[in-house]
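Tertiary structure, described
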Amino acid sequence: MHKRISAVGRIKINTVGASTMFEVGDSRQMMPLNYTIAVQREKSIYIQSEFNFFDYQIFARPLLQPVVDEPLRMTRTNVSPNIVVQDINVFITSSSSIAHIGSSEELTAQSRIKHIRHLLREEPTKSS
Amino acid sequence: MDFNVINGDLVIGKIDITYLSTSSTFLVGDIRAVSLLSAYDTPPEKMIVGVTIPFIE
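Computed from a predicted model, the values in this text were never measured in an experiment.

**Some remarks on the overall build of chain B**
Helix and strand content of chain B: zero helices and five strands. Of the regular secondary structure in chain B, the N- to C-terminal order runs β-β-β-β-β. Among the 57 residues that make up chain B, the fraction classed as buried is 12%.

Right under this line is the structure:
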């Protein structure tokens, strides 16, 4: 595949967070993966190792990749060899995200989020 | 299927991103294949109602 040249005038990233990449230049393969258990509790009580990834099915179930079986012949003509961006401003990158200047071959991204709300009150009885 | 793409001049003035998160990708360039998988489970499917705080030693 004939790739174009990425020309960026100025880029500013305020924070490159945990497990994130800022890549300048071409790459071949990217596989970002993010597993999250997000807990919102009525009172701010924090207990270490309270939630376990193994206890939730969402982190174990296989996600089906879409199968492309259509015969596709793709031709591309690059009239201009450049992709120009004059100014980029990113405030924060986090949780396995990627900021990439340059071309790549393959991107397979995966995200699994378990969101839990915990309300601290008596459970309503079935009779009422 | 025959798929013809003609890439003309591409000039962008300014890109402003506040928050790039959870396996998201921002790419300036060409790419051959992109495959995205996402699973999300949120209330009311998962809601805990109760006065007890789970005790973990």
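**A few points about the overall build of chain A**
Of the regular secondary structure elements, chain A holds zero helices and eight strands. When the helices and strands of chain A are read in sequence order from the N terminus, they spell out β-β-β-β-β-β-β-β. For chain A, whose C-alpha radius of gyration is 22 Å, the value lies well above the compact-globule estimate of 14 Å for 128 residues. Taking the principal axes of its C-alpha atoms as reference, chain A extends roughly 70 × 40 × 30 Å.

**Let's talk about the interface of chain B and chain A**
The partner chain A presents 69 residues to the 52 residues of chain B that form the contact. Broken down by secondary-structure element, the contributors of at least two residues to the side of chain B that touches chain A are β1 (2-7), β2 (10-20), β3 (25-28), β4 (31-41) and β5 (47-49) of chain B. Strand direction decides the pairing type here: strand β6 (residues 82-93) of chain A and β2(B), joined by nine bridges, are parallel. What sits directly across from A:Asn89, in β2(B), is B:Asp16.

**Digging into the environment of A:Glu42**
Residue and element names in this part refer to chain A. Counting through the fold element by element, Glu42 comes out in the loop between β4 (33-41) and β5 (73-78). In sequence terms Glu42 and Leu120 are 78 residues apart; their C-alpha atoms lie 6.1 Å from each other. Discounting residues that sit within four places of it in the chain, Glu42 has contacts with His118, Leu119 and Leu120.

What counts and what doesn't
- Residues numbered from 1 in each chain as written.
- Chains lettered and ligands numbered in written order.
- Predicted model: local features only at pLDDT ≥ 70, side-chain atom pairs only at ≥ 80, totals over all residues.
- Helix = DSSP H or I, 4+ residues; strand = E, 2+ residues; numbered from the N terminus.
- Buried ≥ 20, exposed ≤ 12 C-beta atoms within 10 Å, placed from the backbone.
- Rg over C-alpha atoms; globule rule 2.2 N^0.38 Å.
- Contact = placed C-beta atoms within 7 Å.
- Pairing = 2+ DSSP bridges.

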